[in-house]
Every structure is written in C-alpha cells, then in structure tokens.
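# Working through the structure, step by step
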Amino acid sequence: MERTTRTMHRRPTRPCRHTAMWKDAWRAIRGNGKRFAAMLVIVAVGVMMLGGLNSVGRDIRAGLDGFFDDTSMHDIEIVSTLGLDDDDIAALRKVSGVKDAAGERVASVTTTIGGKQASATVTELNDRGIDSPYVTDGRLPNAAREIAVTQQYVDDAGKSIGDTLEFRPDDSVAANVASVTTTDADGADDATGTFADGKYTIVGTIIDPNDIVNPSGPLALVSGGKTVYPMVVSSDSLADGGNDDGDGTAAGLPYTSAVITVADAAAMNTYDDDYLDTVADARAAIEAIQQTRERERTDAVRDAALNAAMSALDEQKAKIAALPDGLPAKTAAEQKLSDAEQAIKEKVAAIPNAKWIIRDRSAVTSWEDVKTQSDMVTRLGTLFPVLFLVIALLVSLTAVTRMVEEDRQLIGTYKALGYTCGETMLKYLAYAGAACLFGGLLGDALGLIGLPFVFTRRLISRIYVLPNYPLLVDWRLAIGGVLLFVVAITGAAAAATVGSLRLTPAELMRPKAPKAGRTIFLQRVGFIWNHLSFLGKVTARNLFRYKSRALMVIVGVLGCTALMTAGFGMGSSAMTLMPRQHREITTYDVLAVTSAADHADAQRSLDDDARVRSTLPLQVGSVTLSTAHDDANAGAADSSDESTNATSAHDRAHDEQITAQLLVVSDGKSLDGYLDLHAADGTTIALPDASDDGSSRSGNDGSGNGSSRDNNGDDPSAGVIVTTNAAHKLALADGDTIDLTDAMADTATVTVHAIAQYYTGNVVVMTQSAYERAFDADFAPNADLIDVKADDVDAKIAFADDLAGNDAYLSVTSAAKQERDFAKSFLIFFVMIGFIVVMAAILAVVVLYTLASTNIAERERELATIKVLGFRKREVHGYVNKEMLLLACFGIALGLPCGRGLLGFLLGKLDLPGMTIVPNVAWFCYAAAALLALAFTVLVEAATNRSLDRIDMVGALKSPE
C-alpha cells in the first residue's frame, strides 16, 4: 500500500514534463493569436527600423566609396598658387605612402546653351587614370576636338552624342587658377587659352566624381548657385596640341592641381577611421616636402618669367651694340634698356611665392554631403527603435499579464503536480520569445532589403546621381537587433509571471478576487458627478479603476499623435523653408551674374530697363571655408615626437571644409531691400564700416602703419559675415578667425564679424575694403541683385527668363522660380512624412487593439451581465468604447505638444547640408494628426465590437469552479 501511494505522488519524468510544457506553449500561441500577432508586428517594426535605417546609412556610404574606387578618385589634392610642373609630380610620386600622382589642367570656360551663355569647366584627362569620369554612355575622348559632357548638359542643350559644341575662355575668372603669364619688356600679356579653340564633338556622357549632386534635386535647388557644366577632353586638345616646350609642362602650361592616390587606401571605406589615418599619414609625408617644392617652383617660375622677358630685349641689345660708341642716342638707348631690365627684374621679384593648398576628400562637397546624410539616417535608426522597444515592452507586459491571469488555475495545477517555477515560466517565455524571433526575422527581411531598396533606389537617387548602391547586410546588426528585443521582452514576460508563481497552488486554483471599488476624486465634485448619467458614472469609475491600462492607452495614443504631428510638421517646415528664406532674408527678386568684363554694359542695360525698380552691384564668387590654423602651433608640432605629429595630421584630415557663395558689397552701399541680415534672435547685423575693418582691432606690426597682416600676408582683422549653416558646421562664433580660399586658390585669414540667420545655402558677405585687404586684389563687380517692379510671380519669372536670354549673363536666378521648383522637387520630406505616418498607424493600431481586446477579456463576466440585463448592442459598445475614446482624447491632447517637441529634436538631428530648417507646425498639421489618431481609435473600436457581440452570456456567467 505504501509503495502504491509513493507511485501515485511520483513526479512526472523529465522528458514527459518538458514535452508537455512545450506542447502547452504552442497551444498558447494558437489560443492567443491576436496578442501574439500584436507583439510580432511591433517587434518587426522596431527591428526593421533599427536594421533598415542603419543599413541605408551604410549603403549610401558604400555607394559613394564604390563609385570613388571605380573612378580612381583622388585621396589628396594639391593646388598651388603658381601651378605645378613635372618635377613636382615626380617628387610627389616618391613620397612615402603615395601610390600615384598626376597633374591636372582645368579651365573655366563659357559656352552657349539655347542661345544663352553658360559656365563650364573643362578638365584634361591625365594619363594615370586618377579622377577618371564615370562613363554612362559612349566613351571618353582620346583625340583632339573630342569632348565628354554630363547628362545635364545634354538635356539642357538638347544635344546628343555626335553633336558638336564650342566654348571660349571665361574672362570673369582666371582660365587656369594656377596659370602664370609671361611678360615681355612692355608688360604685355601673352597668355592664351588652356585648350584649343573651335568645335568639339561630343563622344560620351559622364558623371563627374567631384560632383554627384543631382542637378534637379533638392540640394541643388537649395544651394542656389549657378550651374557649371563639367566637361573633359584629352591632352591632344591642349593649346598648341599639347607639345612639351621643354620646361616640364605641355605647351608651357603648368598643372592646375596634382591629384594623388594613397597606397592601400582603395581597399578601405572612404569614411572609416583606418582610411582617414592612412591618408593623414601620407598627407604628413607630403607636407614634409612642401616647403622645398614651393621654393623650387617659385624659383622656376621667376627664372622662366625673367628669361622670357629678357629674351625680348636681346634683339634691341644687338641693335644698340651695333651703333658707334659715343653717340648720345646709343647712350640714351642703353640707359632706357637698363631701366627696362631693372623694371623686369623688379616685376619678376614681385611674383608671389608659391603656396600649396593640400586637401583630402573632405574638401569634396559630395563626400561631406553623403557623410552628413548617412549620419542623419543612422541617428534616426537609433532613435525610432527605442520608441518601438518601449511600446513592445508595454504590449508584451499587457499580453503576458493577461495570459497569466487566465491561466491561474492551470499554473496552480502545474505547481501542485510538482513543476518548478522555471518550468512553469517556460511557457510564457517561449510565447514571448517566439513572437520576438518571428517578428525579428520579418523585421530583418524588411529592414535589410525592403527599406534600403526604397530609400536608396527610390529616394537617395533623387539627391545624388551615383550609378548604383550596394545592399549591404550587417549580420551583427541583424542578429543583435533581434536579440535586443528577445532579451527585453522575455525579461518583461518573466517579470509579469513572477508574482503569480510566488503564490501557493491553493491560492492560484481559487478565482482571483475582483478589484475592490474605491471612491474616486470626481465623486467629491458634486456639481459634475450629480449631472452624470449612470453610464457616465460607470465610465468614470472604470477609468480610475484600471489605472495601468488607462495609462498605456494614453501613452500609445500620445506616441502615435506625436509621431504624426512631427511628420506633418516636418513637411510644413520644409515647405516654408524657401518662402521664409526669400521673404525674411533674401528679399531681392533676381540674382544676375555676368563676367567682370560685361558687367558695365549689363549694368547700363538694367538701369535703362523700365521693369527694374533698383539694383545692387556686387562681386559674386565661390570660396572654401575652413578653420584657421595657428602657424605657431604648427611649428611647435614639428618639434614634437612622431605620435604627436600623427595625431595632428589625423586632426587635419578631419578638418571641416565648406563651399560657400561669396558676396562682396561696395563700400558705402546698403543691403536694405536686398538682404536682411540678422542674427537668430532677430538682431539686425550691419556690414562693418570700411574704417572698422581692422582699424579698431588691428595692432601695429612694427612698421608704423598699423597693419595687422601676418607673415603670410593675411589680414585676420578683415571682417566677414558668415551664415548659420556654415557657422554651425565649423563651430564658429563672433570673433573667430577662418580661412577663405577663392577660385584663384588664394587663401586669406579673416575674422567672423557676425553670424547671420540663413535657411538655404552657405554665404559669406564682406565689404569691398575688407575683400581688397584680405586678398590683396581689386574689387571687380560681376553681378546684380535686382528688385523687379512687378508684384506678380509669373511676371518676375518672365523677367528673369528674358534676362537669361541675354548672352551677357552667365547665370540668372529667380527667387520666385526657385521657390516654385523647390516645392516640386523636395520629395525626401514627403517620403519621410509617409513613412512616419505609417509607423504611427502601426503603433496606434497594435497598442489600441491589444489593450481593447485585453479589456474585453478581463471584463467578460461584467459585459455578459449587462447584456443579460437588457443592454442593446450599441449600448454595450458604448459601455466599453466610451472609455477608450476618452483616454484617446487625453492622449491626443498630450501628444500634440509632444509632437512639436519631437519635431524640434528630429530637425536638430537631421543636419541637412546647407539647410537650416526651423520647426513650423501649421494648424492643419495638428488637425490632421488629431483626426488620424481619433480615426485609428474608432477603427480599432469597430474591430473589437465583433468580440463584444460574440460574448457567450451563459458561458461567461458560469461559476469558475
């Protein structure tokens, strides 16, 4: 008998116990399919955003890196103020860490498109294959009079491969930024164009690796700069056929720049630290020979200029020598000849020293833009998953807690049979873990394939013209994202079951006592409580009775509303970007750019035009901004150890460089009516007076003239106004110094006089005297800001179109047309809005449906009771739905201001190149977000009404025992 009793109470064997538990876990998944689906969906969305957005960021960078590898893009570029010769290139090839180096010649030219003058840059293809353009159709030129152009030129000019084009040197800037003209005894300029004149046959279309911004995309419209068409020719198209005249350069022309590739750099990603370190080391090695090469190039240029000028006097010397001695005429001629020789020597000695400007890929605008865009997407890929992880935790806690409550008797039975707490908990951990695993796999599939395809192939391709983007899969991120949700949610499931598992089997097998009713605060407010109906009082009491569920509904709707408010606000902010720019800051109607030689005639024509109210002549150009370097610090670094040198080189490799539009205003001219420069707080910014440009801030240099120029000839006291976009990127403040490098490769150090609010593009404004002092160059107006009399938008655009038809103008920018085209092309924000709204809808539906179904399941006996009492369907629906509707309204009310805050946070993280987007949420954005959140609530209620209708009154009211 004793043996029989022991047998009856023996625990089940371990294999049987595990099999039973696993079967029960799978039954739980089938029996709680809706909750399981809710957890699966929320996990899938979170993993999708984590993996997808991070993958998009990597894909963009990998696309540019692969494109740079295909085109053998330079790692380092050197521009010299006196150009470079073959000796310089040969010396660079011998530098440690340099794989190869080549010289390039670039010329600024003008061509005609549709009867209008347009700017272009013609580049000679080097024989080393560095910076080789990407061919999209046809081929690269390999003979004289052949040329390859971009697809933009083909589209704008209406030409095709096989057609011809003509160009001529652009006299508005130097034809070659490093060209050195030879001077004869009379000082005449013998310089000719870099490339041969005449017609060129188009043999192919290309993508310039130095500029991959889509010309019709939002970034191009935001910049507002004039269109410059890149073109390439072979060396056979150089002036004089590219013959070497014996001085080390073809046709006597120096190289504009040297392009350099670094050993082993191509195998690395262009944004990785190992690449930046490798390039920095090579750059440091190049800097070691910089002074020597600058000195030798200076001597070579001066010697060549002197020899060329003196050779022009040889014939005159021979004639004078043939004259009889003692003649007064011979004496006078010899004196005149001696004076000419002295003048030539003085002029040659005045040729400035050569100065190298060494740049890495960070100076390439496209490289920096892609870096910024990818960082932005990656940041969003970290932010959004956190929100969905929190929501997933709330959903899983609700689902598992309800499952435990429903399984109280079963859990008590398991404990009575001898199952341990861990074995009993396994069912719920398996349930939550399965939802995470299946949801994570679905999220990985969507995030690693779907999102990158949509963003890169359908969205990013509208911003950049890269030929392809790889779809990279980071398995560490794919697995890590799933594990993150598995650990978090199974941990929440374990926490939800611990409380019940601590109870004894007897307590678990008895039904849980219903929550005791309590007097709520509203009952104490008699003038409200006494006027509520019976159902109203029930609703109020239930809201306070189930506080945790009410809080979760409010949080879910709050998150949904905030996301949609931020999404719609993002679109509203983007659409007001250009109108705000033109109505608050750039109040002129048209910016017209000519060559410096044509400006006087163009100005007279504008003065006589009855459609023009007023104009402001100024000088417009392009400059590169970078933080100023302290030469003293650089000298100190030379005496430090190698590790310090490597570190400083690494820092220089990471220096920010930004391209901006330079506006030089005549002294005494006012910007009123054309540019309203003010600080972010609205304080008006005035151009520094000519007398203030350094006189009040400069010290005496020891020469007695009060000059503040340093040893390099720079004038840090020359004040400039920098716009917020560039100031933010370079971390500038009033009084800081920056380096400006113009199109002639001349660099000047100037002081930031003030930082002006600006929404689109990067601009530097300075006065005529500040410019002349900083660059030691004459002010040469080549543009006008124009105020048109017409108030009609179409009339202003028509005026700009008429002006563009004038061959004297290189570029005509209409503010009205720019604003109109910007609204049409800014697709990126509309896609992001749609994406955010869809995510918000998923969030709302999952949370609300989970909570609504849980609410109905917990109150099934209560609802069955009121149905027995005669409540009709609509009354039963209202009995439950009124609570959720009120909670949703609370969530919407809280979500609208939270959405405004979220928008400010998101826009702060976007960091779009050349844009300062001010958060702006229009009233209809709030209305749309509130109505959609309310609509999602109503839809969920409509879906759960079927569950209310299917409640079995008899079955629900049976005794649990």
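Values in this document were obtained by computation on a predicted structure and should not be read as measured data.

### Comments concerning the overall build of the protein
- Along its length, the protein carries 29 helices and 20 strands.
- By the burial criterion, 50% of the 961 residues in the protein qualify as buried.
- Of the contacts formed within the protein by residues at least 6 apart in sequence, a portion of 85% connects residues at least 24 apart.
- Just so you have it, the protein exposes about 42600 Å², and 56% of that area is on carbon and sulfur atoms.

### What to know about the pairing of strand S7 (residues 164-169)
- Pairing of strand S3 (residues 106-113) with S7, which is carried by three bridges, proceeds in the antiparallel orientation. Opposite Thr110, over in S7, you have Arg168 as the bridge partner.
- Of the pairings in the sheet, the one linking S7 to strand S8 (residues 199-207) comprises three bridges and is antiparallel in character. In the sheet register, Thr164 faces S8, and the bridge partner there is Thr201.

### A word on the pairing of strand S13 (residues 612-627)
- Relative to strand S19 (residues 783-788), S13 is paired through six bridges, and the arrangement is antiparallel. The residue of S19 that forms the bridge with Pro617 is Asp784.
- Summarising the sheet, S13 and strand S14 (residues 657-665) pair through nine bridges and their orientation is antiparallel. In the sheet register, Leu625 faces S14, and the bridge partner there is Ile658.

### Some words on a nonpolar patch on the surface
- The grouping of Trp22, Trp26, Phe438 and Leu441 at the surface amounts to a nonpolar patch, some 460 Å² of accessible area in total.
- For the nonpolar patch, the secondary structure elements donating two or more residues are helix H2 (14-31) and helix H11 (421-458).
- Mapped onto the secondary structure, Trp26 falls in helix H2.
- Residue Trp26 is classed as partly exposed on the basis of its relative accessible area of 43%.

### Side note on the UniProt feature "transmembrane region" (unreviewed entry) in the protein
- When the UniProt feature table is mapped onto this chain numbering, "transmembrane region" (unreviewed entry) sits at residues 36-53, 380-400, 428-455, 475-501, 550-571, 826-851, 884-908 and 920-940.
- Along residues 36-53, the helical share is 100% and the strand share 0%, with 26 Å between the first and last C-alpha atoms.
- Summarising residues 428-455: 100% helix, 0% strand, and an end-to-end C-alpha distance of 38 Å.

### Some thoughts on the pattern of salt bridges
- For the structure on display, the rule yields 16 salt bridges.
- Taking the shortest distance from any N to any O, the salt bridge between Arg128 and Asp100 comes out at 3.0 Å. Of this pair, Arg128 sits in the loop between strand S4 (116-124) and strand S5 (134-138) while Asp100 sits in strand S2 (residues 98-104), and the two are 28 residues apart along the sequence.
- According to the relative accessible area criterion, Arg128 is partly exposed, its value standing at 38%.

### Quick look at the packing of helix H7 (residues 273-322) against helix H8 (residues 328-349)
- Where H7 contacts H8, the axes come no closer than 10 Å and their chain directions differ by 175°. Overall, the two elements H7 and H8 adopt an arrangement that is roughly antiparallel. Residues Arg302, Ala305, Leu306, Ala309, Met310, Leu313, Gln316, Lys317, Ile320 and Ala321 of H7 pack against Lys330, Ala333, Glu334, Leu337, Ala340, Glu341, Ile344, Lys345, Val348 and Ala349 of H8.
- Split by residue class, the contact of H7 with H8 holds 13 nonpolar, one polar and six charged.

### With respect to the nonpolar core
- Grouped together as the largest cluster of nonpolar side chains are 152 residues, with contacts concentrated most on Ile76, Ile78, Ile286 and Val765.
- It is helix H3 (residues 33-70) that provides the largest number of residues to this core, a total of 16 residues.
- If sequence neighbours within four positions are ignored, Ile286 has contacts with Ile76, Ile78, Leu92, Val95, Val98, Ile260, Trp356 and Ile358.
- The next biggest cluster of nonpolar side chains, apart from the first, holds 25 residues, and it includes Val664, Ala727, Ile755 and Ala770.

### A short note on the confidence of the model for the protein
- For the protein, the mean per-residue pLDDT works out to 78, and 83% of the residues sit at or above 70.
- Here residues 174-192 is a poorly scored stretch, pLDDT under 50, and it has 42 contacts once near neighbours within four places are set aside; other chains count.
- Considering only residues more than four positions removed or in separate chains, one finds that residues 692-714, a stretch of pLDDT under 50, has 38 contacts.

### Let's talk about helix H10 (residues 408-416)
- Along H10, the residues classified as buried are Arg408, Ile411, Gly412 and Tyr414. The buried side chains of H10 occupy one side of the element, clustering within an arc of 160° when seen end-on.
- Count one or two residues on from H10 and you reach Gly418, which has phi positive near 100°.

### Considerations on empty space enclosed by the protein
- Per the counting criterion, the structure on display carries eight cavities of 30 Å³ or more.
- When its volume is computed, the second largest cavity comes out at roughly 110 Å³.
- Along the walls of the second largest cavity sit Asn542, Leu543, Tyr546, Arg549, Ala550, Val553, Leu851, Asn855, Val880, Glu883, Met884 and Leu887, which together make up its complete lining.
- By residue number, the principal contributor to the lining of the second largest cavity is helix H27 (residues 873-910), which donates four residues.
- Within the lining of the second largest cavity, the residues separate by chemical class into eight nonpolar, two polar and two charged.

### Comments concerning the side chain of Thr624
- Along the chain, Thr624 falls in strand S13.
- Here Thr624 falls in the buried class, since its relative accessible area comes to 17%.

### A closer look at H3
- In this model, H3 (38 residues) spans 51 Å end to end at C-alpha, consistent with the 56 Å of a helix rising 1.5 Å per residue.
- Among the 38 residues of H3, 30 are classified as buried, and the element is accordingly described as predominantly covered.

### Looking at the sheet that holds strand S11 (residues 356-360)
- The strand order across the open sheet formed by four strands is S2-S10-S1-S11, and the pairing between neighbours is antiparallel. The open sheet has two edge strands with one neighbour each: S2 and S11. Mean inter-strand twist for the sheet, computed between neighbouring axes without regard to direction, equals 20°.

### Section: the packing of aromatic side chains
- What the rule picks out here adds up to nine aromatic pairs.
- With a centroid separation of 6.4 Å and 40° between ring planes, the pair formed by Phe67 and Phe68 is classed as tilted.
- A residue is classified by how much of its surface remains accessible, and Phe67, at 2% relative accessible area, is buried.
- We classify Phe68 as buried; its relative accessible area is 1%.
- Residues Phe167 and Tyr200 carry aromatic rings whose centres are separated by 4.9 Å and whose planes lie at 25° to one another, so their mutual orientation is stacked. Taken together, the residues Phe167 in strand S7 and Tyr200 in strand S8 connect sequence positions 33 residues apart. Take Phe167 and Tyr200: they sit in the same class, and that class is buried.
- Counting every residue linked through ring pairs, the aromatic cluster contains Phe67, Phe68 and Tyr134.
- The ring of Tyr271 has Arg61 lying over it, and the distance from NZ or CZ to the ring centre is 4.7 Å.
- Sitting over the face of the ring of Tyr759, Arg580 holds its NZ or CZ atom 5.6 Å from the ring centroid.

### Comments concerning the side chain of Glu104
- Along the chain, Glu104 falls in strand S2.
- Setting aside anything within four residues of it in sequence, one finds Glu104 in contact with Thr123, Glu124, Asn126, Ile130, Asp131, Tyr255, Thr256, Ser257 and Val259.

### Regarding the packing of H3 against helix H12 (residues 475-501)
- Following both chains from N to C, one finds H3 and H12 inclined at 150°, their axes separated by 10 Å at the closest point. Comparing the axis directions of H3 and H12 gives the class roughly antiparallel. The two elements H3 and H12 cross, and the hand of that crossing is right-handed. Packed against H3, whose contacting residues are Met39, Val43, Gly46, Val47, Leu50, Gly51, Asn54 and Arg58, the element H12 presents Leu477, Gly481, Val482, Phe485 and Ile489 at the interface.
- Broken down by class, the residue content of the contact of H3 with H12 amounts to eight nonpolar, four polar and one charged.

Conventions we followed
Residues numbered from 1 in each chain as written. Predicted model: local features only at pLDDT ≥ 70, side-chain atom pairs only at ≥ 80, totals over all residues. Heavy atoms only, no water. Helix = DSSP H or I, 4+ residues; strand = E, 2+ residues; numbered from the N terminus. Buried < 20%, exposed > 50% of the residue type's maximum accessible area, 1.4 Å probe, protein only. Contact = heavy atoms within 4.5 Å. Areas by Shrake-Rupley, 256 points an atom, 1.4 Å probe, with all protein chains shown as cover. Pairing = 2+ DSSP bridges. Patch = residues over 30% accessible without salt bridge, like charges linked within 9 Å, V, L, I, M, F, W, Y side chains within 5 Å. Salt bridge = Lys/Arg side-chain N within 4 Å of Asp/Glu carboxyl O. UniProt positions renumbered as here; feature names shortened; annotations may be inferred. Axes fitted to C-alpha atoms, helices over the stretch in contact; angles between N-to-C directions. Parallel < 35°, antiparallel > 145°, perpendicular 65-115°, else oblique. Nonpolar A, V, L, I, M, F, W, Y, C, P; charged D, E, K, R; others polar. Core = buried A, V, L, I, M, F, W, Y, C linked by side-chain atoms within 4.5 Å. pLDDT = per-residue confidence, 0-100. Arc of directions from axis to C-beta. 1 Å grid on protein atoms, 1.4 Å probe; cavity = no way out; pocket = protein on both sides within 12 Å on 5 of 7 lines; lining within 4 Å. Points joined across faces, edges and corners; volume = space filled by probe spheres on them. Expected span 1.5 Å × (residues − 1). Phe/Tyr/Trp six-rings, centres within 6.5 Å; stacked < 30°, edge-to-face > 60°. Lys NZ or Arg CZ within 6 Å of the ring centre and 35° of its normal. Left-handed = near helix turned anticlockwise from the far one by under 90°.

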